[in-house]
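Geometric and topological summary
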Amino acid sequence: MDVTSDDSNAGHVPAWWEEFFSSSTLDFVRHSRDEESTQAEADFVQQALGLPLGAKILDLPCGAGRIALEMASRGYSVTGLDFSSPLLESARIESDVRRLAVRWEHRDMRDLPWSEGFDGAVCLWSSFGYFDEQGNSDFLVAVAKALRPGARFVLDTPLLETRLPEIESEPRVWWKVGDLYALEERRFNHVTSRTESQWTFLRNGQVETKRLSQRLYTFNELSRLLEQARFGNLRAFGTLELDPFSLGSAWLYLVATKD
């Protein structure tokens, strides 16, 4: 029997995010943030970007479109980008149901085809630091290239300063989303400055385990990366209520301006 196969991906070793964002994780992403959280984040984005209605906003990675859809419902022209086909399909279905005109793009968030095409951009829900050093830098450079001069970029992310105390006090965390239970067991690798987490998903007696790896930067390191990517005027907040970022803040909400 003659079998012809496409070996274009032969030898490809999947990156951790290619395996992580599938099956049980998709339901976790779709349903683990409630409407109140979405509204609070969208309020922050709207205030931080300071854009008139109709302005063009890039959301990356957009996941199932939670923030992209909300910003579109408020009157903005939104493009949502993600590498996950199932999450994008969920986003497309929801935008059709709600009759919202959102442009959905399936691509790697380091590979952006636009040049000064957007008035603002957002990267939310701890979606920065997935790649290696060059990849994380490439992502910021790509975002800067896609923005018009003077446009703002909103980034929320854990830092070395915020995540290490959390890991030390709570190395194991349980999450419940509907009938799905998720256990996150995390440790910090001081050699690579990455959080290495094992996630265990349980549902109806079925168990699935996955790995997550995220580079943790200090505030100083992240600031330098943004400056190298042509961002300036960095404004750092510790809460969605615009409280200044300071020692003891649990999270970083950063607003940077394209030079």
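These numbers come from a predicted model, not from an experiment.

1. Some remarks on the overall build of the protein
Regarding its fold elements, the protein presents 8 helices and 11 strands. Its C-alpha atoms give the protein a radius of gyration of 19 Å, near enough to 18 Å, the size a compact globule of 259 residues would have. Counting every position in the protein, which comprises 259 residues, the buried fraction comes to 51%. Of the contacts formed within the protein by residues at least 6 apart in sequence, a portion of 64% connects residues at least 24 apart.

2. Some thoughts on the confidence of the model for the protein
Taken over all residues, the pLDDT of the protein has a mean of 94, while the share at 70 or more is 95%. Counted against residues more than four places away or in other chains, residues 1–8, with its pLDDT under 50, gives 0 contacts.

3. A short note on the sheet that holds strand S10 (residues 231–237)
Taken in spatial order, the 7 strands line up as S3-S2-S1-S4-S5-S11-S10 in an open sheet, and their pairing is mixed. Sheet topology places strand S3 (103–106) and S10 at the edges, where each strand pairs with a single neighbour. Averaged over all pairs of adjacent strands, the angle between strand axes in this sheet comes to 20°, irrespective of strand direction. For strand S1 (residues 56–59) and strand S2 (residues 77–82), the ladder comprises 4 bridges, and the chain directions are parallel. Opposite Lys56, over in S2, you have Ser77 as the bridge partner.

What counts, and where the lines are drawn
- Throughout this document, residue positions are counted from 1 along each chain, in the order its sequence is written.
- Residues qualify for local features only when their pLDDT is at least 70, as the model is predicted, and side-chain atom pairs are given and counted only at 80 or more; totals for whole chains, interfaces and linings, by contrast, use all residues.
- As a rule here, side-chain values come from all non-hydrogen atoms in the structure, and water together with hydrogens is ignored.
- Here a strand is any run of E in DSSP of at least two residues, a helix any run of H or I of at least four, and the numbering for each starts at the N terminus.
- We compute the radius of gyration from the C-alpha atoms alone; for a globule the expected value is 2.2 Å times N to the 0.38, where N is the number of residues.
- Burial here depends on accessible area, computed with a 1.4 Å probe over protein chains only, as a share of the maximum for the residue type. Under 20% is buried, over 50% is exposed, and the range in between is partly exposed.
- Contacts are residue-level and defined by heavy atoms, with any inter-residue pair within 4.5 Å sufficient.
- pLDDT: the predictor's confidence for each residue, scored from 0 to 100.
- Pairing between strands is defined by DSSP: at least two bridges between them are needed.
- Angular values range over 0 to 180 degrees, each being the angle between N-to-C directions of two axes fitted as lines to C-alpha atoms, with helices fitted over their stretch in contact.

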